[in-house]
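Listed below are the residues making up each chain.
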Amino acid sequence: MPIGYPHRPMKKSTRVNHPPPVELAADNHAVVAPIYQSVKFEFDTLAETERYLRGERPGFFYSRASNPTTRQLELLLAELQGREECLVTASGVGAVAQTLLALTKQGDHILCFVETYNPTRYLIRRLLGRFGVTHTMLSIEDAGGIERALAAHPTRLVWFESPTNPVTKVADIPGITRLAKAAGALVVMDNTFAGLHQHGEYDIDVFVHSLTKYASGAGDVLGGAVIGRSELIRSLRTDFGMIGGTLDPHAAYLILRGLKTYFVRYKAQSASAQRVAELLASHPAVARVHYPGLPSHPQHALARAQMKDFGTIVSFDLKGGLEAGGRFADALQLFAMAASLGSTESLVVTAQMMGGRDLTADQQAISAITEGTVRLSIGLEDIEDLLADVAQALNA
Ligand SMILES: *Cc1c(COP(=O)(O)O)cnc(C)c1O
């Protein structure tokens, strides 16, 4: 029996726990969907509750498993990435960790790459290593090595990113997916850098995203997503719910709100990144610029073939090394010296702030991070102001 109707007399201390319900008529709708900030949902009768629990009717029961606001975000993200199903998580790393745990078991082998987000490397090497999951870690550019590794070990997952962090190497997605599929491996792509509107046409089984970056855009909320075909993503749902790294409905709402401007932001910030990359490429203090949109990028042709926008991350190597990188970052006025990327304010990260202490000397060479490497995340400020700030900091 639903409680809280005004005709039932109740004490005020009861009433505050059962406030008067407000219901909209069927022909009267909120233009922005309300936030379902509720952990629990009830059905009118025990019989319907039991039908729900037996999986015989749709509905919502407990927000760790599902919630209407997070569900709306999942449906939208699946459509943006061009797949059927999505699960959202409390952070991007949560999406990475839960996907790795749910898709592997003792004795499985993962093929992964040096040019991978640091925490993902940690999760594959250290966490899964403790449970008897093995891995091979190669350079994303080592096509021959990928073929040999897949021939040498039955492989459960091939896990990669493109463009890579921080030096924006572009992975050969058709090449990697072809080899992985021929070897019977699942292909997982962390597509955070390229964004939700890119790479959907390739034969990727699972896309992982940090929603903290471009999806929200505002840098005020954490979130993650795992996207793929229906039966594969549904098979993860129980493990994800039990691990419990669920996205909160309020965070889901903020990400839904951020997505309204996603396309405009991504295009505008990419266009500004191109201009900043061109400025850097013409400056005598700069040894090398890493931006897929520059014709000088080693995989520029590949990037043109497989990307719609080249992204908002521009990295470069200063001739003056560590000290020059520090001076440049300190001299910038519009760029916050902070981690993360994809928000509307511009950010800078120097070599001192980049991870990689877990890598051997050979692997560090593959990562291509030098003492003078600086990574810029280009925001939504006026391009003339950004160019002027970068120019004055280079001259400092
Ligand atoms: C930031 C990031 C993550 C992790 O996301 P969080 O939301 O910060 O946990 C994963 N992968 C890539 C490529 C990232 O840039």
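The structure we're discussing is the one just above.
Calculation rules
Residues numbered from 1 in each chain as written. Predicted model: local features only at pLDDT ≥ 70, side-chain atom pairs only at ≥ 80, totals over all residues. Heavy atoms only, no water. Helix = DSSP H or I, 4+ residues; strand = E, 2+ residues; numbered from the N terminus. Rg over C-alpha atoms; globule rule 2.2 N^0.38 Å. Buried < 20%, exposed > 50% of the residue type's maximum accessible area, 1.4 Å probe, protein only. Contact = heavy atoms within 4.5 Å. Areas by Shrake-Rupley, 256 points an atom, 1.4 Å probe, with all protein chains shown as cover. Lys, Arg positive; Asp, Glu negative; His and termini not counted. Charge placed at Lys NZ, Arg CZ, Asp CG, Glu CD. Salt bridge = Lys/Arg side-chain N within 4 Å of Asp/Glu carboxyl O. Core = buried A, V, L, I, M, F, W, Y, C linked by side-chain atoms within 4.5 Å. Domains from an automatic or database assignment. Pairing = 2+ DSSP bridges. Axes fitted to C-alpha atoms, helices over the stretch in contact; angles between N-to-C directions. Near = heavy atom within 4 Å. Polar contact = N/O pair within 3.5 Å; in protein donor to acceptor, adjacent residues only side chain to side chain. 1 Å grid on protein atoms, 1.4 Å probe; cavity = no way out; pocket = protein on both sides within 12 Å on 5 of 7 lines; lining within 4 Å. Sits in = over half its atoms within 2 Å of the grid points.

**Q** Give a description of the overall build of the protein chain that names residues and reports values.
**A** When its secondary structure is counted, the protein chain shows 14 helices and 12 strands. Since a compact globule built from 396 residues should have a radius of gyration of about 21 Å, the 24 Å found for the protein chain is in line with a globular shape. Its C-alpha atoms give the protein chain principal-axis dimensions of roughly 80 × 55 × 35 Å. Considering the protein chain as a whole, with its 396 residues, one finds that 52% of them fall into the buried category. Contacts spanning at least 24 positions in sequence make up 70% of the contacts within the protein chain whose residues lie at least 6 apart. In the structure as shown, the protein chain presents an accessible area of about 18,500 Å², 56% of it carried by carbon and sulfur atoms. Between the centroid of the 37 positive side chains of the protein chain and the centroid of its 40 negative side chains there is a distance of 5 Å.

**Q** Outline the pattern of salt bridges, listing residues and values.
**A** Evaluation of the coordinates by the stated rule reveals 18 salt bridges. Overlapping salt bridges, with partners in common, bring together Lys181, Asp203, Asp205, Arg229 and Glu231 in one network.

**Q** Quick one: what's the story with the nonpolar core, residue by residue and with numbers?
**A** Core analysis: the largest hydrophobic core is formed by 43 residues, its most contacted members being Leu73, Leu77 and Phe160. By residue number, the principal contributor to this core is helix α9 (residues 249–259), which donates five residues. Counting contributing residues, this core receives three or more from each of domain 1 (49–259) and domain 2 (262–395). Sequence-distant contacts of Leu77, defined by excluding residues within four places in its chain, comprise Cys86, Val88, Leu196, Leu211, Ala225, Ile227 and Leu259. Counting residues in each nonpolar core, the second largest holds 32 residues, with Tyr291, Val314, Ile383 and Leu387 among its members.

**Q** I'd love a proper account of helix α12 (residues 321–331), names of residues and values included.
**A** Burial in α12 covers these residues: Gly321, Ala324, Gly325, Gly326, Phe328, Ala329 and Ala331. Those residues of α12 that are buried lie in contact with β9 (313–318), β10 (336–337), β11 (347–350), β12 (373–377) and α14 (383–395).

**Q** Account for the sheet that holds strand β3 (residues 134–138), naming residues and giving values.
**A** Pairing within the open sheet is mixed, and its seven strands lie in the order β1-β7-β6-β5-β4-β2-β3. Each edge of the open sheet is held by one strand with a lone partner, namely β1 (85–89) and β3. Within the sheet, the average angular offset between the axes of one strand and its neighbour, ignoring direction, is 20°. Judged from the five bridges that link them, strand β6 (residues 206–210) and strand β7 (residues 224–228) form a sheet pairing that is antiparallel. Its bridge partner lying in β7, Ser210 is registered against Gly224. On the sheet, helix α3 (residues 68–81) packs against β1, β6 and β7 and is oriented at approximately 125° with respect to β1. Relative to β6, helix α4 (residues 92–103) is tilted by about 150°, and along the sheet it contacts β1, β2 (109–113), β4 (157–161), β5 (186–190), β6 and β7.

**Q** Break down the site of the ligand for me, citing the residues and quoting the values.
**A** The environment of the ligand is formed by 14 residues, the closest being Gly92, Val93, Asp190, Thr212 and Lys213. Asp190 has a polar side-chain atom sitting 2.6 Å from a nitrogen atom of the ligand. One of the side-chain nitrogen or oxygen atoms of Thr212 is found 2.5 Å away from an oxygen atom of the ligand. In the complex, the protein chains occlude 92% of the 380 Å² of accessible area that the ligand would expose alone. Among the cavities detected, the one that contains the ligand is the second largest pocket.

**Q** How would you sum up the pairing of β12? Please name residues and give values.
**A** Taken across its five residues, β12 has five buried, putting it largely inside the fold. Alternating positions in β12 separate into two faces, Thr373, Arg375 and Ser377 on one and Val374 and Leu376 on the other, with burial throughout. Pairing of β9 with β12, which is carried by five bridges, proceeds in the antiparallel orientation. Along β12, the bridge assignment pairs Asp317 with Thr373.

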